[in-house]
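Letter by letter, the chains look like this.
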Amino acid sequence: MDILNFFLGRAFFRSAGSSRFHFCLVVMDSQENSPKKVVVITIDGPTASGKGTVAQRVAESLGFHYLDSGALYRLTALSALQADLPLDDVTAIAALAQELPCVFRHGRVLLAGEDVTDKIRTEEVGNTASKIAAYQPVRDALKALQVSFRQAPGLVTDGRDMGTVIFPDADLKVFLTADVAIRAERRYKQLLENGFPANIDTLRKDLEDRDKRDSERKSSPLRPAADAVMLDTSSLDIDESVQRVLDACVEKKI
Ligand code: DC
């Protein structure tokens, strides 16, 4: 691109989990006088479709930042559970989401200074997250935090509505799916590996309930963006899935 068409602009942004405002440089397009968009790759899909692992590996491979948006809903759910809030108190839960004292550091997640990386991965927290994620005020409260992760040199993010609502102008949108039996099996192995007790039948039922709730809710339901690349990983391993996304990046000239 013609360098003369750009000038350096400045902006303040609040980094995730920090109440402090940081100073940063952004490239501005002098013709449109708006910040040049940082590349975003969104990977949406149902629970246990492998999108988190794939997104993380793609981010590593490209040297991009990574945002696990589900972790924000899980952190909100954990905060609500810890505060003993009734799960139908939308206003109080949205207030928690608005002021989430979370920090993502070296692959760990801190909530009000406590390392909750493992706690937010339990099925109880996941199911609660799915319930409170149906509340529009909670989704609104988490939006700015998610958008703030869009920083140079680029962002790979996974979730349910990354390509449809949070980053509708993403450079590449992938919708990852896998057969529910395969997803239940993957989640089962993952839980056992991490030392959590698990029952495959209960897990499958939970996955189906969660898929239904996430897809049928009114606010930002789980669905592929119109311009998403569909990727069924039922018969693919992680390496192959990552490679498919990287191939799609090459096609999109990312
Ligand atoms: O991806 P996950 O299983 O960690 O997400 C937990 C729940 O959070 C999921 O059941 C639905 C909700 N969620 C959402 O509604 N929107 C997102 N972008 C990410 C997660």
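Residues numbered from 1 in each chain as written. Predicted model: local features only at pLDDT ≥ 70, side-chain atom pairs only at ≥ 80, totals over all residues. Heavy atoms only, no water.

**Looking at the overall build of the protein**
Then, in step 1: Scanning the protein for helices and strands turns up nine helices and eleven strands.
Then, in step 2: Taking all 254 residues of the protein together, the buried fraction comes to 45%.
Then, in step 3: A sequence separation of at least 24 residues applies to 70% of the contacts in the protein between residues at least 6 apart.
Then, in step 4: Entry remark: accessible area of the protein is about 13200 Å², with carbon and sulfur atoms responsible for 53%. (Helix = DSSP H or I, 4+ residues; strand = E, 2+ residues; numbered from the N terminus. Buried < 20%, exposed > 50% of the residue type's maximum accessible area, 1.4 Å probe, protein only. Contact = heavy atoms within 4.5 Å. Areas by Shrake-Rupley, 256 points an atom, 1.4 Å probe, with all protein chains shown as cover.)

**Some words on the packing of aromatic side chains**
Then, in step 1: In total, this model carries one aromatic pair according to the counting rule given.
Then, in step 2: Between Phe104 and Phe149, the ring centres sit 6.0 Å apart and the planes meet at 85°, which makes this aromatic pair edge-to-face. One end of the pair, Phe104, is in strand β6 (residues 102-105); the other, Phe149, is in the loop between α5 (136-147) and β9 (155-159), with 45 residues separating them in the sequence. (Phe/Tyr/Trp six-rings, centres within 6.5 Å; stacked < 30°, edge-to-face > 60°.)

**A short note on the packing of helix α2 (residues 69-82) against α5**
Then, in step 1: Closest axis-to-axis distance for the α2/α5 pair is 11 Å, and the angle between their directions is 130°. Classified by the angle their axes make, α2 and α5 are oblique. As for how α2 packs across α5, the hand of that crossing is right-handed. From α2, Ser69, Leu72, Tyr73 and Thr76 reach across to α5, where they touch Val138, Arg139, Leu142, Leu145 and Gln146.
Then, in step 2: Grouping the constituent residues of the contact of α2 with α5 by class yields five nonpolar, three polar and one charged. (Axes fitted to C-alpha atoms, helices over the stretch in contact; angles between N-to-C directions. Parallel < 35°, antiparallel > 145°, perpendicular 65-115°, else oblique. Left-handed = near helix turned anticlockwise from the far one by under 90°. Nonpolar A, V, L, I, M, F, W, Y, C, P; charged D, E, K, R; others polar.)

**Some thoughts on the sheet that holds β9**
Then, in step 1: Pairing is parallel across the open sheet formed by five strands, whose spatial order is β5-β9-β4-β10-β11. Edge strands, defined here as strands with exactly one partner in the open sheet, are β5 (65-68) and β11 (229-232). On average, each strand axis in the sheet is inclined to that of its neighbour by 20°, with strand direction left out of account.
Then, in step 2: Helix α1 (residues 51-62) contacts β4 (40-44), β5, β9 and β10 (172-177) of the sheet and is inclined by roughly 180° relative to β9. (Pairing = 2+ DSSP bridges.)

**Examining the sheet that holds β6**
Then, in step 1: If you trace the three strands from one edge of the open sheet to the other, you get β6-β7-β8, paired in antiparallel fashion. With one partner strand each, in any of the chains shown, β6 and β8 (114-115) form the two edges of the open sheet.
Then, in step 2: Relative to strand β7 (residues 108-111), β6 runs antiparallel, the two sharing four bridges. Within the sheet, the bridge partner assigned to Cys102 lies in β7 and is Leu111.

**Concerning the pattern of salt bridges**
Then, in step 1: Counting across every chain of the model gives 15 salt bridges.
Then, in step 2: Residues Glu114 and Lys119 are paired through a salt bridge, measuring 2.6 Å at the closest nitrogen-oxygen approach.
Then, in step 3: By relative accessible area, Glu114 is classed as partly exposed at 32%.
Then, in step 4: Residue Lys119 is classed as partly exposed on the basis of its relative accessible area, which comes to 38%.
Then, in step 5: Several salt bridges share partner residues, and in doing so they unite Glu123, Arg187 and Arg210 into one network. (Salt bridge = Lys/Arg side-chain N within 4 Å of Asp/Glu carboxyl O.)

In short, shape yes, function no, at least from these values alone.
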